[in-house]
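Here are the chains, one letter per residue:
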Amino acid sequence: MSEARPPGAPRSLAARGEALAAPARQLEMLARVPLAREFDEALQPADLWPLRPTKIEIFQINVGKLCNQVCRHCHVDAGPDRRELMTRETMEECVRALAATDIPTVDITGGAPELNPHFRWLVEQCTALGRHVMDRCNLTVLELTSQRGLAEFLAAHRVEVVCSLPHYRALNTDRQRGEGVFEQSIAALKRLNALGYGDGRSGLKLALVTNPVGAFLPGTQASLEAEWKRELKRNHGIVFDALYTITNMPISRFLEWLDSSGNLEDYLTRLVNSFNPAAARGVMCRNTISVGWDGRLYDCDFNQMLDLTVEESAPMHIRDFDRARLEARSIVVGRHCFGCTAGAGSSCGGATEK
Amino acid sequence: MSDHDHYYHPKDLAKFGEVGKNRPELAQKFFDWYGAVFADGALSAREKSLIALAVAHAVQCPYCIDAYSKDALEKGSDLDQMTEAVHVAAAIRGGASLVHGVQMRNHAGKLGM
């Protein structure tokens, strides 16, 4: 796959110099929408206010905003023009923090995390500590000439690959993620399958992630998973282990689209009206700590993109990591959080209602 | 223009439950049955949603078209699949008219010389 970008290709909010690239502007836009209630008011009757962590089980590291794609719904505002990348020194601080705990899972995300030049080093360190490593992969990165051998590396280190594929057909996949992405994604999935990923026997777990291609909520995860498995097998001979449904968060580029398409108020209202206390109990910020590319700590990747760091009483940088103090914090919430509690709920691991 | 200048109003879709304000026991039977009909079964919820979308076009119910356009997307259908479903409805409607041409031919055959 060529790494040159065609003229006129979509660009990030930051590259376009849009005011909405600033998290403060995004929060202002959300605050202007008339809503029936605020997120804390929704949590109170469910006895979840203030929202507290349960136990940190997932150490999520966002290694940067660089990506080879410019998806229309991206909450990171990632793209080829972004240069924010986690340094080796910050990664070393992550590994030190991790080594001092028994947190079982490391979730590496971006951007396209594999494009960070130290990605493979980080994976090697985490697996050497005996931790389960997940790579949030956009699939097309596996087809880049600069990333030759990446799939084999992931397999050799038993990394769980969590891939974005909004639909099992080209139409909606390319509409959300860019022209030609579906074809490249299918090629990448076949490459992973050839290594044993998703076959149910090798232990190499392959999960797919679907976000709605528009201003609506995802369908039932189990039902969609059955469809995705049947159709990808039938049409392309592809197998995988699990499908995660994720609701689009009303921030960054998806927020821009909601506003420009006239869907913002209706979408937020839908999220608020679909608040599900059972889904709220399982939100990922309760068992996750999120590390930004510069080492700052957040309750989740969405708060990270909104510059909402963990509350000030907790350690705010990975160099000061203290699990007990972090587990004693209150989680910072806002209107965007309705995105994780609507319907069956949404997290990096899919629906949260158990 | 007031809300009552049209027979159909988009906001009325959200008031569907209000039909249960009188004889709620009848409405409850309907909504229970309706929910059960659309659950995953021998047909998937997505397939049932596409059937509903097609029928909505056949009966030309704007509420149903609104509801099942959104539902079909949420259930994982794309615009190609939804368009094909509408063509199925249109083909059956068109075919249903055209096949009555046989009756026309029977009558004409009997009456004509």
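Residues numbered from 1 in each chain as written. Chains lettered and ligands numbered in written order. Predicted model: local features only at pLDDT ≥ 70, side-chain atom pairs only at ≥ 80, totals over all residues.

1. Some details on the interface of chain A and chain B
So the rule is basically this: It is the C-beta atoms, placed from the backbone, that decide contacts: two residues are in contact if theirs lie within 7 Å. For the purposes of this entry, the term helix denotes a DSSP run of H or I that reaches at least four residues, the term strand denotes a run of E that reaches at least two, and both are numbered from the N terminus. By the convention adopted, Pro, Cys, Tyr, Trp, Phe, Met, Ile, Leu, Val and Ala count as nonpolar, Lys, Arg, Asp and Glu as charged, and the other residues, Gly among them, as polar.
Facing the 15 residues of chain A at the interface are 12 residues of chain B. Those elements giving two or more residues to the side of chain A that touches chain B turn out to be helix H6 (170–177) and helix H8 (221–236) of chain A. With four residues, the single largest contributor to the side of chain A that touches chain B is H8(A). Partitioning the side of chain A that touches chain B into residue classes produces seven nonpolar, six polar and two charged.

2. Some remarks on the packing of helix H2 (residues 45–58) of chain B against helix H4 (residues 79–99) of chain B
Residue and element names in this part refer to chain B. For clarity, the cut-off: Throughout, an axis means a line fitted to C-alpha atoms (over the contacting stretch in the case of helices), and angles, computed between N-to-C directions, take values from 0 to 180 degrees. In what follows, roughly perpendicular refers to angles from 65 to 115 degrees, roughly parallel to angles under 35, roughly antiparallel to angles over 145, and oblique to any angle outside these ranges. For any pair of crossing helices, the crossing counts as left-handed if the nearer helix is rotated counterclockwise from the farther one by less than a right angle, and right-handed if it is rotated clockwise.
Running from N to C, H2 and H4 point in directions that differ by 45°, and their axes come no closer than 8 Å. As far as their axial angle goes, H4 and H2 are oblique. Where H2 crosses over H4, the two elements pack in a sense that is right-handed. On the side of H2, the interface is formed by Leu50, Leu53, Ala54, Val55, His57 and Ala58, while H4 contributes Gln81, Met82, Ala85, Val86, Val88, Ala89, Ala90, Ile92 and Arg93. Taken together, the residues of the contact of H2 with H4 sort by class into 12 nonpolar, two polar and one charged.

3. Description of the sheet that holds strand E7 (residues 288–291) of chain A
Residues and elements named next belong to chain A. The condition that has to hold: Strands are treated as partners if at least two bridges between them are detected by DSSP.
Across the sheet, eight strands lie side by side as E6-E5-E4-E3-E2-E1-E7-E8; this open sheet has mixed pairing. Strands at the two margins of the open sheet, each flanked by one partner only, are strand E6 (242–245) and strand E8 (297–298). In this sheet, strand E3 (residues 132–137) lies alongside strand E2 (residues 105–109) in parallel orientation, the contact comprising four bridges. If you follow aspartate 107 over to E3, its bridge partner there is methionine 134. Across the sheet, H8 is in contact with strand E5 (206–210) and E6; its angle to E6 comes to roughly 135°.

4. Looking at the packing of H2(B) against helix H3 (residues 62–74) of chain B
Residue and element names in this part refer to chain B. Closest axis-to-axis distance for the H2/H3 pair is 9 Å, and the angle between their directions is 155°. Compared by their axis directions, H2 and H3 come out roughly antiparallel. The way H2 lies across H3 gives a crossing that is left-handed. Contacts between H2 and H3 involve Ser49, Leu50, Ala52, Leu53, Ala56 and His57 from the former and Cys64, Ile65, Tyr68, Ser69, Asp71 and Ala72 from the latter. Tallied by class, the residues present in the contact of H2 with H3 amount to eight nonpolar, three polar and one charged.

5. Some points on the nonpolar core
Residues and elements named next belong to chain A. Applied cut-off: Here, a nonpolar core means buried Ala, Val, Leu, Ile, Met, Phe, Trp, Tyr and Cys residues linked by C-beta atoms lying within 7 Å of one another. Exposure classification rests on a simple neighbour count of other C-beta atoms within 10 Å of a residue's own: a residue reaching 20 or more is buried, one at 12 or fewer is exposed, and one in between is partly exposed. C-beta atoms are placed from the backbone.
Ranked by size, the top nonpolar core spans 107 residues in total, and within it Val63, Cys94, Leu98, Val161, Cys163 and Leu208 carry the most contacts. The element contributing the most residues to this core is helix H7 (residues 181–194), with six residues. Apart from residues lying up to four places away in sequence, leucine 208 is in contact with Cys163, Leu165, Trp228, Phe240 and Leu243.

6. Quick look at the environment of A:Arg82
Among the structural elements, A:Arg82 can be located in the loop between strand E1 (58–62) and helix H3 (88–99). Of the residues examined, A:Arg82 has 21 C-beta atoms within 10 Å and is grouped as buried.

7. Focus: the confidence of the model for chain B
The cut-off we apply is this: Confidence of the prediction at every residue is given by pLDDT, a number between 0 and 100.
Residues at a pLDDT of 70 or more form 96% of chain B, whose mean pLDDT is 93. If you check the scores for this complex, the pTM reads 0.90 and the ipTM reads 0.73.

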